[in-house]
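Report on the structure
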Amino acid sequence: MTLEVQDLVTYYGKTQILHNVSLAADAGQVTCLLGRNGFGKSTTLKSIMGLVSTQAGGIRLKGRDVRGLPPYLIARAGIGYVPQDRRIFPTLTVRENLMMGMKPGSRPSEGRWSIEDVLAYFPPLERRLTSKGRVLSGGEQQMLSVARALMGSPEVLLLDEPTEGLAPRIVEALEGVIREITGHGVAVLFVESKLSVALRLARRVYVIWKGQIVYEGSPGDLERDRNIRQQYLEV
Amino acid sequence: MIPRRVFSPAAVGIVLVGVGLAPSVMSTSQVYSGTEVVILSLFAVSYNLLFGYLGLLSFGHSAYFGLGAYATALLLLHAPGVPLGPAIAGGTLAGAIGGVLIGNFCVRLSGPYFAMLTLAFGQLLFAVAWKWRAVTRGDDGFGGFLKHASLALPGTPESGSQHSLYYLVVALAVPVIAATWALMTKTPFGNVVVSIRQNEERAVFLGYDVFATKLITYTISAGLAGLAGSLSAIFHDFVSPSVIDLNLSTDVVLMTFIGGTTFFFGPVLGAVFFVYFGDFISALTDRWQVVMGLIFVFMVLYVPKGFIGLGRLIPSVRPRETRPETAP
């Protein structure tokens, strides 16, 4: 397993948000964490990234325990993260934003993807290389945010509702890119509230409910399991 | 937003030639003011690395100016024969060392807590300068150390004419300001600093060590302030607690803000205004600081981007801004 999360416990103040969350993401696969808003999806990703402190559990990246490391070292260890707000650096150009994504101290040629490779995934960005981040559309910002994460050559890519609020055409393009990324051996873990997206992309699905994993299985099985769907996913 | 315009070589050349030839057409008193402008420009540029680039409001920046000034003055006084170069380097280093020690505590904080802690350290160093009479001679200060300098300035009968001091200050400050400009606007380091101001968390999850970057920036800023202080000590051939007091710490906030923090050279404009307008208005009234204060209030309320922002009030040169410049 590339990423293994075991019995993760996270509190916000005195409120327990994550109750022994366990999940795994494997290289070359898309794994989806499904759940309704406010039930711990984003917190799970932030906990893995070290952006919120965790009280117990284990987070292993290729067997190495990274829980408790400062977030910048977790990033350098090989976990890329695209947050939900997907905001990029507004006063830097698209190119500078991409350069920011490279591992500090590395050269453009050292990563798994060069700027050219990344741009090939996102043709609209290529035309906007010298534009400032703040003039990009929402879809372009999301592309840039994912592209920037790829520049760091992550082993694991965490995506927080990557398709939310995007036009269908862009969603389609983004899904295509996510599939291609896994073809390079990256483990993709994304959180999502819509079952349809998970069904199209994921090989493995977890359902989270009030901070606990209540289902684990293939997307197909989940689709057939009306009970689980009604209980935990449908509004 | 810090626009990173590329200056045309011609414009740079004109400015440099202007700065170089200015003293030949200026009176001694004008050369004096010009030197002050250059020193304060360097100080304000150093301050803006914190204020404009990192978004940290410091109320204790005179600490590093003072460290530089006292270190250079004490070196020249107690180590007779020490050349001017090492004395200036010593002042710069004193500022930087102070920066790394104090910054180590301060940059862990932000907002009002950062401001309060910088104020506290600033006052602490001021108290040392004020009370440690054996070394600093307290409020009296001390001077006349330049005659000990082994390297006489060219064209100087004694310790240095206004003109040669001007050229010394320009020769050191201008390249340093230019190098700082290049560092902040032309290198990945500058981008990382800007990204931290815009969103610290985002920089962190991209793998950047925010604490280290802030501390390095703080240290560079303190070192530049130390250099400015060192040049000031040489320029006046005198130091007293006024080089390390709260007045100077607030003056630099004023200069930087009035000039404009969103543009690298904004603080230079602020220093020019501060010196020349200050001279002008203080010749008219004893209550010139009231006028300065009112201008500051007006700028904060109506022109928060400083003089650089004034350009934007003219529609034809106002750049289109479609989104807020700082990310939430």
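Use the structure listed above.
The following refers to the structure shown. (Residues numbered from 1 in each chain as written. Chains lettered and ligands numbered in written order. Predicted model: local features only at pLDDT ≥ 70, side-chain atom pairs only at ≥ 80, totals over all residues. Heavy atoms only, no water.)

A few words on the overall build of chain A. Within chain A, the regular secondary structure consists of 10 helices and 10 strands. In terms of C-alpha radius of gyration, chain A reaches 17 Å, essentially the compact-globule figure of 18 Å for 235 residues. Principal-axis analysis of the C-alpha atoms gives chain A an extent of 50 × 35 × 30 Å. Buried positions account for 55% of the 235 residues belonging to chain A. For chain A, long-range pairs separated by at least 24 residues make up 69% of all intrachain contacts whose partners lie at least 6 apart in sequence. (Helix = DSSP H or I, 4+ residues; strand = E, 2+ residues; numbered from the N terminus. Rg over C-alpha atoms; globule rule 2.2 N^0.38 Å. Buried < 20%, exposed > 50% of the residue type's maximum accessible area, 1.4 Å probe, protein only. Contact = heavy atoms within 4.5 Å.)

This part takes up the sheet that holds strand β2 (residues 15-25) of chain A. All names here are of chain A. Spatial strand order, β2-β1-β4-β5: four strands in an open sheet with antiparallel pairing. At either end of the open sheet lies a strand with only one pairing partner, and these are β2 and β5 (64-65). Looking at chain direction, strand β1 (residues 3-12) and β2 are connected through seven bridges and run antiparallel. Following the sheet pairing, Y11 is matched in β2 by Q16. (Pairing = 2+ DSSP bridges.)

As a further point, take the pairing of strand β6 (residues 79-82) of chain A. Residue and element names in this part refer to chain A. Residues I79 and Y81 of β6 are buried on one face, and the alternating residues G80 and V82, pointing to the opposite face, are buried as well. Bridging between β6 and strand β7 (residues 156-160) involves four bridges; their strand directions are parallel. The partner of V82 across the bridge, within β7, is L159.

This part is about the pattern of salt bridges. All names here are of chain A. For the structure shown, the criterion picks out 10 salt bridges over all chains. One salt bridge in this structure joins K62 and E155, with 3.3 Å as the shortest N-O distance. Of this pair, K62 sits in the loop between β4 (54-61) and β5 while E155 sits in the loop between α6 (138-151) and β7, placing them 93 residues apart in sequence. (Salt bridge = Lys/Arg side-chain N within 4 Å of Asp/Glu carboxyl O.)

Here we come to the nonpolar core. Formed by 118 residues in total, the largest nonpolar core has its most connected members in L3, I48, M49, I79 and L158 of chain A. When sequence neighbours within four positions are dropped, the list of residues in contact with L3 of chain A reads L23, A24, A25, I48, I59, R60, I79, V156, L158 and L189 of chain A. (Core = buried A, V, L, I, M, F, W, Y, C linked by side-chain atoms within 4.5 Å.)

Turning our attention to the layout of surface pockets. Rolled over the atoms, a probe with the dimensions of a water molecule shows which regions are left empty. All names here are of chain B. One number sums up the size of the largest pocket: a volume of about 890 Å³. Lining the largest pocket are 25 residues, with V15, V19, V174, F265 and V268 positioned closest to its centre. Mapped onto the lining of the largest pocket, the elements with two or more residues apiece are α1 (9-25), α2 (28-53), α7 (162-186) and α12 (266-284). For the lining of the largest pocket, the per-class residue count stands at 23 nonpolar, two polar and no charged. Looking at the second largest pocket, it is lined by 28 residues, and the ones nearest its centre are E36, L40, L248, D251 and F274. Broken down by secondary-structure element, the contributors of at least two residues to the lining of the second largest pocket are α2, α10 (210-236), β2 (238-239), α11 (246-259), α12 and α13 (288-302). Broken down by class, the residue content of the lining of the second largest pocket amounts to 15 nonpolar, nine polar and four charged. (1 Å grid on protein atoms, 1.4 Å probe; cavity = no way out; pocket = protein on both sides within 12 Å on 5 of 7 lines; lining within 4 Å. Points joined across faces, edges and corners; volume = space filled by probe spheres on them. Nonpolar A, V, L, I, M, F, W, Y, C, P; charged D, E, K, R; others polar.)

So, about the packing of helix α4 (residues 84-106) of chain B against α10 of chain B. Residue and element names in this part refer to chain B. Here α4 crosses α10 at 145°, and the two axes come no closer than 7 Å. As α4 packs across α10, the resulting crossing turns out to be right-handed. Residues that form the contact of α4 with α10 fall into these classes: 14 nonpolar, 10 polar and no charged. (Axes fitted to C-alpha atoms, helices over the stretch in contact; angles between N-to-C directions. Left-handed = near helix turned anticlockwise from the far one by under 90°.)

Counting across every chain of the model gives two cavities of 30 Å³ or more. Within this model, the largest cavity holds a volume of roughly 110 Å³. Lining the largest cavity are 14 residues, with A75, I79 and G152 of chain A together with F205 and L206 of chain B sitting closest to its centre. Of all the secondary structure elements, the ones that give two or more residues to the lining of the largest cavity are α2 (71-77), β6 and α6 of chain A. With three residues, β6 of chain A is the single largest residue contributor to the lining of the largest cavity. When its residues are assigned to classes, the lining of the largest cavity shows seven nonpolar, four polar and three charged.

All names here are of chain A. Relative to the helices and strands, T43 is located in helix α1 (residues 41-49). For T43, a relative accessible area of 9% translates into the label buried. With residues up to four places along the chain from it excluded, the contact list for T43 reads T10, Y12, I17, L18 and V52.

The next subject is the packing of aromatic side chains. Aromatic ring pairs are described here by two measures, namely the spacing of the ring centres and the angle between the planes. Residues and elements named next belong to chain B. All told, the structure shown has 23 aromatic pairs over all chains when counted by the stated rule. Look at F142 and F145: their rings are 5.9 Å apart centre to centre, the planes differ by 70°, and that puts the pair in the edge-to-face class. Across this residue pair, the class does not change: F142 and F145 are buried. With centroids separated by 4.8 Å and ring planes inclined at 10°, the aromatic side chains of F273 and F277 adopt a geometry described as stacked. Taken together, the residues span about one helical turn, with F273 and F277 both in helix α12 at a distance of four residues. For F273, a relative accessible area of 18% corresponds to the buried category. Using a relative accessible area of 22% as the deciding quantity, one classes F277 as partly exposed. (Phe/Tyr/Trp six-rings, centres within 6.5 Å; stacked < 30°, edge-to-face > 60°.)

Residue and element names in this part refer to chain B. Across its 23 residues, α4 extends 32 Å between first and last C-alpha, which sits within 8% of the 33 Å expected from 1.5 Å per residue. Most pronounced at V100, the bend in α4 amounts to some 25°. For α4, the set of buried residues is L84, A87, I88, G91, A94, G95, A96, G98, G99, I102, G103 and C106. For α4, the secondary structure elements touched by its buried residues are α3 (62-78), α5 (111-131), α7 and α10. (Expected span 1.5 Å × (residues − 1). Bend = angle between axes of the 7 residues up to and from the residue.)

On the side of chain B, 23 residues touch chain A, which itself brings 28 residues to the contact. Between chain A and chain B, the buried area comes to about 2400 Å², and carbon and sulfur atoms account for 57% of it. It is F89, M100 and R134 of chain A in chain A that bury the most area against chain B; as a group they hold 28% of the surface buried on that side. Counting the contacts that link chain A with chain B gives one salt bridge. (Buried area = accessible area lost by both parts, 1.4 Å probe.)

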